[in-house]
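Reading the structure
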Amino acid sequence: MSRRKQIYEGKAKVLFEGPEPGTLVQYFKDDASAFNDQKKGVITGKGVLNNRISEYLMTRLNEMGIQTHFVRRLNMREQLVRELEIIPLRVIVRNVAAGSLSRRLGLSDGTALPRSIVEYHYKNEALSYPMVAEEHITAFGWASPHDLDDMMAMALRVNDFLSGLFLGVGIRLVDFRLEFGRLWTNDEMRIVIADEISPDSCRLWDLKTGEKLDRDRFREDLGRVEEGYQEVARRLGILPEGGPGDLKGPKTMQ
Ligand code: ADP
Ligand code: MG
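First, a word on scope: everything that follows refers to the structure included in this document. What you see is a predicted model, and the numbers here were worked out from it, not measured in a lab.

1. Concerning the overall build of the protein
- Along its length, the protein carries six helices and 14 strands.
- Radius of gyration (C-alpha) of the protein: 18 Å, near the 18 Å computed for a compact globule of 254 residues.
- Taking the principal axes of the C-alpha coordinates as reference, the protein spans close to 50 × 45 × 35 Å.
- Within the span of the protein, comprising 254 residues, buried residues form 51% of the whole.
- A separation threshold of at least 6 residues defines the contact pool for the protein, and within that pool the share at least 24 residues apart is 58%.

Encoded structure:
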């Protein structure tokens, strides 16, 4: 790790300069946080699993023609991605009421929504990621109306595809958040999916029992937090060889 230039350290990942121009290495940590960092902890093996799960899901999306930043996985905790100009929004797609939507609108968790709902939140931790309208986004120039159309359309396609994929392994995709960025090739710009898609960024409930298999196990002190992430990987058929015992993994393999 020391031989590469670190570009950014976030809550869940570290970004390094990639081997070629226009690329970055995303290193997945085991660190967990919730409630705007008021609650912090470590989920052993989370980084290994999220690296693998995000690789799997983004590869499926790339195959579907939904472009993501993912290039290839490098080792247990690292993946090569295309460097993007990140759009400072979290795009949340919801199928079932949970979390902040339930709180804001007084719905009980688990209420099916009349249709999928897309929300935008300004990516600003100091402000606790406030929800914003398209008006704010275009007025402040965070994204153009055209960028927004692209993001909305992509988010809904991702939702359709991932909902079906998870349903096939007995999991309900309650909601998830995406980040997007701009990829420039020559003079052309495309909006592509960035960051990660994992149990840190999705609410995933067992279809039959309603058991939570995502970061809410950590948020709500439900226990067996590691097992939730493992179960998602197991059902997707990608639990790393060697099983849960192997999840600490080498720090990096260069
Ligand atoms: P944060 O605490 O800001 O959420 P993370 O720990 O999730 O940070 O680290 C990932 C950071 O890298 C995020 O800020 C995310 O916006 C950014 N990022 C993700 N994918 C890319 C990319 N392809 N190019 C540039 N930045 C990216
Ligand atoms: Mg993040």
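2. Remarks on the packing of aromatic side chains
- Tallying each qualifying case throughout the model produces two aromatic pairs.
- Seen from their ring centres, Tyr122 and Trp142 are 4.0 Å apart, and the 10° between their planes marks the pair as stacked. With Tyr122 in strand E10 (residues 112-122) and Trp142 in the loop between helix H3 (134-139) and helix H4 (145-167), this pair connects stretches of sequence that are 20 residues apart.
- Exposure remark for Trp142: the relative accessible area of 16% places this residue in the buried category.
- Ring centres 5.2 Å apart and planes at 25° place the aromatic pair Phe140 and Trp142 in the stacked group.
- Put simply, the rings of Tyr122, Phe140 and Trp142 pair up and form one aromatic cluster.
- A cation over an aromatic ring shows up here: Lys39 above the ring of Phe218, its NZ or CZ 4.9 Å from the ring centre.
- Directly above the aromatic system of Tyr129 lies the positively charged group of Arg90, at a separation of 3.8 Å from the ring centroid.

3. Some remarks on the site of ligand 1
- The environment of ligand 1 is formed by 18 residues, the closest being Tyr8, Ala12, Lys13, Arg82 and Glu179.
- One nitrogen or oxygen atom from the main chain of Leu84 is found 3.0 Å from a nitrogen atom belonging to ligand 1.
- Contact distances for ligand 1 include 3.2 Å between an oxygen atom and a side-chain N or O atom of Lys123.
- About the coverage of ligand 1: the protein hides 91% of its 540 Å² of free accessible area.

4. Brief notes about the sheet that holds strand E1 (residues 6-9)
- If you trace the five strands from one edge of the open sheet to the other, you get E1-E2-E3-E7-E6, paired in antiparallel fashion. Each edge of the open sheet carries a strand with a single partner, namely E1 and strand E6 (70-73). Across the sheet, the mean angle separating the axes of adjacent strands is 25° when strand polarity is ignored.
- Pairing of strand E3 (residues 23-28) with strand E7 (residues 78-82) involves five bridges; the strand directions are antiparallel. Note on E7: the bridge partner recorded for Thr23 is Arg82.

5. Quick notes on the pairing of strand E9 (residues 89-96)
- Of all the eight residues making up E9, eight are buried; the element is thus mostly covered by neighbouring parts of the structure.
- Where E9 lies against E10, seven bridges are found, and the strand directions are antiparallel. Bridged to Val91 within E10 is Tyr120.
- Bridge count for E9 against strand E12 (residues 171-185) is four bridges, and the pairing is antiparallel. Looking at the pairing, Ile92 lines up with Arg177 of E12.

6. Remarks on the nonpolar core
- In this structure, Leu57, Met151, Phe166, Phe180, Ile193, Ile197 and Leu236 are the most contacted members of the largest nonpolar core, which totals 51 residues.
- A per-element tally of this core places H4 first, with eight residues.
- Setting aside its immediate chain neighbours within four residues, Met151 contacts Ile87, Leu89, Val91, Ala143, Phe180 and Ile191.
- Residues Phe16, Val25, Tyr27 and Leu80 belong to the second largest nonpolar core, which totals five residues.

7. Here's the deal with the pattern of salt bridges
- According to the stated counting rule, one finds 29 salt bridges in the structure shown.
- The partner of Glu119 in a salt bridge is Arg94, with the nearest N and O atoms 2.9 Å apart. Highlighted residues: Glu119 in strand E10 and Arg94 in strand E9, separated in sequence by 25 residues.
- Through salt bridges with shared partners, a single network forms among Arg94, Arg104, Glu119, Asp175, Arg203, Asp216 and Arg219.

8. Some points on helix H1 (residues 46-63)
- Helix length check: H1, at 18 residues, gives a terminal C-alpha distance of 25 Å against a target of 26 Å (1.5 Å per residue), a fit within 8%.
- In terms of burial, H1 is largely enclosed, as 13 of its 18 residues are buried.
- Just beyond H1, the residue with positive phi is Gly65, at close to 85°.

How each quantity is defined
Residues numbered from 1 in each chain as written. Chains lettered and ligands numbered in written order. Predicted model: local features only at pLDDT ≥ 70, side-chain atom pairs only at ≥ 80, totals over all residues. Heavy atoms only, no water. Helix = DSSP H or I, 4+ residues; strand = E, 2+ residues; numbered from the N terminus. Rg over C-alpha atoms; globule rule 2.2 N^0.38 Å. Buried < 20%, exposed > 50% of the residue type's maximum accessible area, 1.4 Å probe, protein only. Contact = heavy atoms within 4.5 Å. Phe/Tyr/Trp six-rings, centres within 6.5 Å; stacked < 30°, edge-to-face > 60°. Lys NZ or Arg CZ within 6 Å of the ring centre and 35° of its normal. Near = heavy atom within 4 Å. Polar contact = N/O pair within 3.5 Å; in protein donor to acceptor, adjacent residues only side chain to side chain. Areas by Shrake-Rupley, 256 points an atom, 1.4 Å probe, with all protein chains shown as cover. Pairing = 2+ DSSP bridges. Axes fitted to C-alpha atoms, helices over the stretch in contact; angles between N-to-C directions. Core = buried A, V, L, I, M, F, W, Y, C linked by side-chain atoms within 4.5 Å. Salt bridge = Lys/Arg side-chain N within 4 Å of Asp/Glu carboxyl O. Expected span 1.5 Å × (residues − 1).

Bear in mind that shape data such as this cannot, by itself, settle questions of function.
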